Amino acid sequence: SKKPVRVAVTGAAGQIGYALLFRIASGEMLGKDQPVILQLLEIPDEKAQNALKGVIMELEDCAFPLLAGIEAHGDPMTAFKGTDYALLVGSRPRGPGMERSELLSINGAIFTAQGKALNAVASRNVKVLVVGNPANTNAYIAMKSAPDLPAKNFTAMLRLDHNRAASQIAAKTGKAVADIEKLAVWGNHSPTMYADYRFATIGGQSVKAMINDEEWNRNTFLPTVGKRGAAIIAARGLSSAASAANAAIDHMHDWALGTNGKWVTMGIPSGGEYGIPKEVMFGYPVTCEGGEYKIVQGLDIDAFSQECINKTLNELLEEQAGVKHLL
Ligand code: NAX
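Residues numbered from 1 in each chain as written. Predicted model: local features only at pLDDT ≥ 70, side-chain atom pairs only at ≥ 80, totals over all residues. Heavy atoms only, no water.

The number of helices and strands found in the chain is 11 helices and 14 strands. What you see for the chain is a C-alpha radius of gyration of 19 Å, in line with the 20 Å of a compact globule of 327 residues. Dimensions along the principal axes, computed over C-alpha positions, put the chain at roughly 55 × 45 × 40 Å. Looking at the 327 residues of the chain, the share that counts as buried comes to 54%. About 14200 Å² of surface is accessible on the chain, with carbon and sulfur atoms providing 52% of the total. The average position of the 32 basic charges and that of the 33 acidic charges among the side chains of the chain differ by 1 Å. (Helix = DSSP H or I, 4+ residues; strand = E, 2+ residues; numbered from the N terminus. Rg over C-alpha atoms; globule rule 2.2 N^0.38 Å. Buried < 20%, exposed > 50% of the residue type's maximum accessible area, 1.4 Å probe, protein only. Areas by Shrake-Rupley, 256 points an atom, 1.4 Å probe, with all protein chains shown as cover. Lys, Arg positive; Asp, Glu negative; His and termini not counted. Charge placed at Lys NZ, Arg CZ, Asp CG, Glu CD.)

What follows is the structure in structure tokens.
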């Protein structure tokens, strides 16, 4: 049987953590034959650590055959020790009335510390996924704070946007979501992201031709996908948690185990592809094989798409400029 791998999860006592940990432990992320050791991080605060103890009791009570160990931590320097996978979920999302500079400085502190800890103690092959918002910029901060690790090991979660787009297209076309191929989401995990079905197919047939409604694309599809997070908060009184956890599972699963040629979306450091400046943590269509992702190259970018890509890129560049002094 396989040797256990170490999976660190931050914000482990939060609502995404609650929807995520049980699925990692049951083998849905890394495979039904891969034992895992969970290294869980929460803020040192007593209330959070107590809540984490409760979650651990429940994990124990599941008696998962693949769960080879569980650890609770209050310090990233111990939580990330030897970790093969790190899911950085805990962060400080923007609250009502919070200044942008405040948001960036609080998260700057969290993700510089976590990047440094990964740099110091994680496996040299660690695969890092940042879920906590602002996810792309937090991933950028962590990457820049970990100069001894390969930059390509740092990624941000755009998969929820990808899955939301797939689900809207399935509903519009009346086709099965599983049959949608070649969907892309470009840019920032924010309402500026550009979900792009120009290349998408279902059963080999063009989705764009099937829908054949540019007005729907621009005025219904893009706003629905872009504002889906806000719609869920308005309906539930809480931000999306189970769907976010599901997207994190999909992202890590596909990165580690491959996509068999299928396109998925990952936020990754640009190497200059599609005119995006190097190192910008940008959502791209990728395929994964052998534990590595590869950007889908050579796609035609028309004028409307270029406009959308510029908008989401400019937002990311502004966020990056806002944290420059920390790095
Ligand atoms: P919760 O507030 O329920 O949980 C967050 C947990 O993180 C808390 O228990 C908190 O104590 C902990 N935490 C805070 N700072 C920490 C630190 N420095 N180290 C370790 N733990 C820390 O939030 P939840 O609903 O779970 O959401 C978590 C994050 O995901 C938020 O930033 C949220 O905005 C973001 N999201 C990102 C999405 C994406 O697609 N990328 C979608 C869903 C979600 O909104």
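Having seen the model, we can carry on.
Near the ligand you find 24 residues, and of these Q15, I16, E42, S91 and N133 are the closest. One of the backbone nitrogen or oxygen atoms of G11 is found 3.3 Å away from a nitrogen atom of the ligand. Between the ligand and the protein, one listed contact pairs an oxygen atom with a side-chain N or O atom of N133 at 2.9 Å. The protein chains hide 82% of the 870 Å² of surface that the ligand would expose on its own. Of all elements in the fold, only α1 (15-25) and α4 (100-121) reach the threshold of two or more residues within the shell around the ligand. Among the residues making up the shell around the ligand, the classes are represented as 12 nonpolar, 11 polar and one charged. (Near = heavy atom within 4 Å. Polar contact = N/O pair within 3.5 Å; in protein donor to acceptor, adjacent residues only side chain to side chain. Nonpolar A, V, L, I, M, F, W, Y, C, P; charged D, E, K, R; others polar.)

Evaluation of the coordinates by the stated rule reveals 10 salt bridges. In this structure, D33 and K2 form a salt bridge, with 3.5 Å as the shortest nitrogen-oxygen distance. Remark: K2 occurs in the segment before β1 (5-10) and D33 occurs in the loop between α1 and β2 (36-41); sequence separation between them is 31 residues. Assessed through its relative accessible area of 45%, D33 is described here as partly exposed. In the salt-bridge network here, residues are joined through shared partners; they are R159, D250 and D254. (Salt bridge = Lys/Arg side-chain N within 4 Å of Asp/Glu carboxyl O.)

Helical geometry note: an α-helix holds 3.6 residues per turn, so side chains three or four residues apart project in the same direction. Look at helix α10 (residues 242-257): 22 Å from first C-alpha to last across 16 residues, which is about the 22 Å you get at 1.5 Å a residue. Those residues of α10 lying buried are A244, A245, A247, A248, I249, H251, M252, D254, W255 and A256. Trailing α10 by a residue or two, G258 shows a phi angle of about 95°, which is positive. (Expected span 1.5 Å × (residues − 1).)

Take the confidence of the model for the chain next. On average, residues of the chain score 96 in pLDDT, and 100% of them reach the 70 mark or higher. In the model of the chain, α4 stands out as the element of lowest mean pLDDT, 92, in contrast to strand β4 (residues 85-88), which has the highest, 99. Listed scores for the predicted complex are pTM 0.97 and ipTM 0.98. (pLDDT = per-residue confidence, 0-100.)

This part covers the side chain of E319. Following the sequence through the fold, E319 ends up in helix α11 (residues 303-323). Apart from residues no more than four positions distant in its own chain, E319 is found in contact with R100, L104, P134, T137 and N188. (Contact = heavy atoms within 4.5 Å.)

As a further point, take the pairing of β1. Most of β1 sits inside the fold, with five of its six residues counted as buried. When β1 meets β4, the two strands line up parallel, connected through four bridges. Bridge assignment links V7 to a residue of β4, and that residue is Y85. (Pairing = 2+ DSSP bridges.)

Our next topic: the sheet that holds strand β11 (residues 205-206). Remark on secondary structure: sheet strands pair via backbone hydrogen bonds, oriented parallel or antiparallel. If you walk across this open sheet you meet the three strands as β7-β10-β11, and the pairing is antiparallel. Each end of this open sheet is capped by a strand with a single partner; those strands are β7 (180-181) and β11.

Time to look at the environment of V7. In this structure, V7 sits in strand β1. The contact partners of V7, leaving out residues within four places of it in the chain, are I24, M29, L30, V36, I37, L38, Q39, T83, Y85 and L87.

So, on to the packing of α1 against α10. In the contact formed by α1 and α10, the axes pass within 8 Å of each other and the chain directions differ by 40°. Taken together, α1 and α10 sit at an angle that is classed as oblique. Pair α1 / α10 crosses with right-handed handedness. Judged by residue contacts, I16, A19, L20, R23 and I24 of α1 engage A242, A244, A245, N246, A248 and I249 from α10. (Axes fitted to C-alpha atoms, helices over the stretch in contact; angles between N-to-C directions. Parallel < 35°, antiparallel > 145°, perpendicular 65-115°, else oblique. Left-handed = near helix turned anticlockwise from the far one by under 90°.)

In this section: the packing of α1 against helix α2 (residues 46-61). Remark: α1 packs on α2, axes separated minimally by 11 Å, with the N-to-C direction vectors making an angle of 30°. Relative to α2, the element α1 is oriented roughly parallel. The hand of the α1/α2 crossing is right-handed. In this structure, α1 contributes Y18, L21, F22 and A25 to the contact, and α2 contributes V55, E58 and L59. When its residues are assigned to classes, the contact of α1 with α2 shows six nonpolar, no polar and one charged.

What follows deals with the packing of aromatic side chains. Across all of its chains, the model carries 11 aromatic pairs by this definition. Arranged with centres 6.0 Å apart and planes meeting at 85°, the rings of Y194 and F304 form a pair that is edge-to-face. You can see Y194 sitting in strand β9 (residues 194-196) and its partner F304 sitting in helix α11, a full 110 residues away along the chain. One exposure class covers both Y194 and F304, and it is buried. Within the aromatic cluster, the residues linked to one another by ring pairs are W186, Y274, F282 and Y284. Positioned over the ring face of F304 is R218, at 3.8 Å from the centre of the ring. (Phe/Tyr/Trp six-rings, centres within 6.5 Å; stacked < 30°, edge-to-face > 60°. Lys NZ or Arg CZ within 6 Å of the ring centre and 35° of its normal.)

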